[in-house]
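Secondary and tertiary structure notes
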Amino acid sequence: MPTTYTKIATVTVGSGGAADIDFTSIPASYTDLILKISSREDRTDQAFGNIRIRINNDTTGIYTTRNLYASGSTVGSLNNANGTIALYSGYDSTNNATASTFGNNEIYFPNYAGSSNKSFSSDGASETNAATGNAMAFSAGLWASTTAISRITVLPSTGNFVQYSTATLYGIKNS
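Attention here is on the structure that accompanies the text. On a predicted model such as this, the values are computed, not experimentally measured, just so you know.

Focus on the overall build of the protein chain
- Scanning the protein chain from terminus to terminus reveals 0 helices and 12 strands.
- A buried classification covers 44% of the 175 residues belonging to the protein chain.
- At a minimum sequence separation of 6, the contacts of the protein chain that also span at least 24 residues come to 76%.
- Carbon and sulfur atoms provide 50% of the accessible area of the protein chain, an area that totals close to 7900 Å².

Remarks on the packing of aromatic side chains
- Throughout the structure, instances matching the rule amount to 1 aromatic pair.
- Geometrically, the ring pair formed by F109 and F120 is tilted, given 6.2 Å between the ring centres and 40° between the ring planes. Pair noted here: F109 is in strand 8 (residues 103-110) and F120 is in strand 9 (residues 118-125), with a separation of 11 residues, a long-range link.

What to know about the pairing of strand 4 (residues 48-55)
- In terms of burial, strand 4 is largely enclosed, as 6 of its 8 residues are buried.
- For strand 4 and strand 11 (residues 152-155), the ladder comprises 4 bridges, and the chain directions are antiparallel. Bridged to I55 within strand 11 is I152.

As for the nonpolar core
- Membership of the largest hydrophobic core comes to 24 residues, with the highest contact counts inside it found for I26, L33, L35, F109, I149, I152 and V154.
- For this core, the secondary-structure elements that each account for two or more residues are strand 2 (21-23), strand 3 (32-41), strand 4, strand 8, strand 11 and strand 12 (166-173).
- Setting aside residues no more than four positions away along its own chain, I26 makes contact with I8, L33, Y112, I149, S150, R151, I152 and L169.

Examining unusual backbone geometry
- Residue N111 is not a glycine yet carries a positive backbone phi of 50°.
- By the secondary structure assignment, N111 is in the loop between strand 8 and strand 9.
- By relative accessible area, which is 42% here, N111 ends up partly exposed.
- A positive phi angle, close to 80°, is found at Y164, a residue other than glycine.
- Locating Y164 in the fold gives a position in the loop between strand 11 and strand 12.
- Classification of Y164 by relative accessible area gives exposed; the value is 57%.

Cut-off values and rules
Residues numbered from 1 in each chain as written. Predicted model: local features only at pLDDT ≥ 70, side-chain atom pairs only at ≥ 80, totals over all residues. Heavy atoms only, no water. Helix = DSSP H or I, 4+ residues; strand = E, 2+ residues; numbered from the N terminus. Buried < 20%, exposed > 50% of the residue type's maximum accessible area, 1.4 Å probe, protein only. Contact = heavy atoms within 4.5 Å. Areas by Shrake-Rupley, 256 points an atom, 1.4 Å probe, with all protein chains shown as cover. Phe/Tyr/Trp six-rings, centres within 6.5 Å; stacked < 30°, edge-to-face > 60°. Pairing = 2+ DSSP bridges. Core = buried A, V, L, I, M, F, W, Y, C linked by side-chain atoms within 4.5 Å.

Fair warning: the whole summary comes from geometry, so function is off the table for now.
Right, here's the structure in full:
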């Protein structure tokens, strides 16, 4: 079990929104990384959106995920193999949800600086305060690269993150 969490950086979206939340120059001096996200998108076509992550700005690598999800009364699972965009990693709220509600996601990257392919696990939920508009997901994913993770970009499913969306990246050491 990790014993030391160190905040690397926090990004809070300002007025006008942001197309992404970007963590660059991530040091390789930790054992693992954890990313905590509180976000809302400006889309209006549904009550929740999909959080995605891109590693090291790689748009040509192999990203795969396995997701378990629940939305309203629907439950299911899906596989996602997308070699050009990003890893699907959870849900957030949208402007179609109850005002001022934000989705929450936590993404864990073990051995992010090691020489093997990079895996992650995440859990997240949209917050809408409506019985039919809630969603939650548990995901496991893989970035098929042996390169150390030095950059993580968080992306909304469409549009922009709204003001006050926040992400904090922590480094974790076992000693």
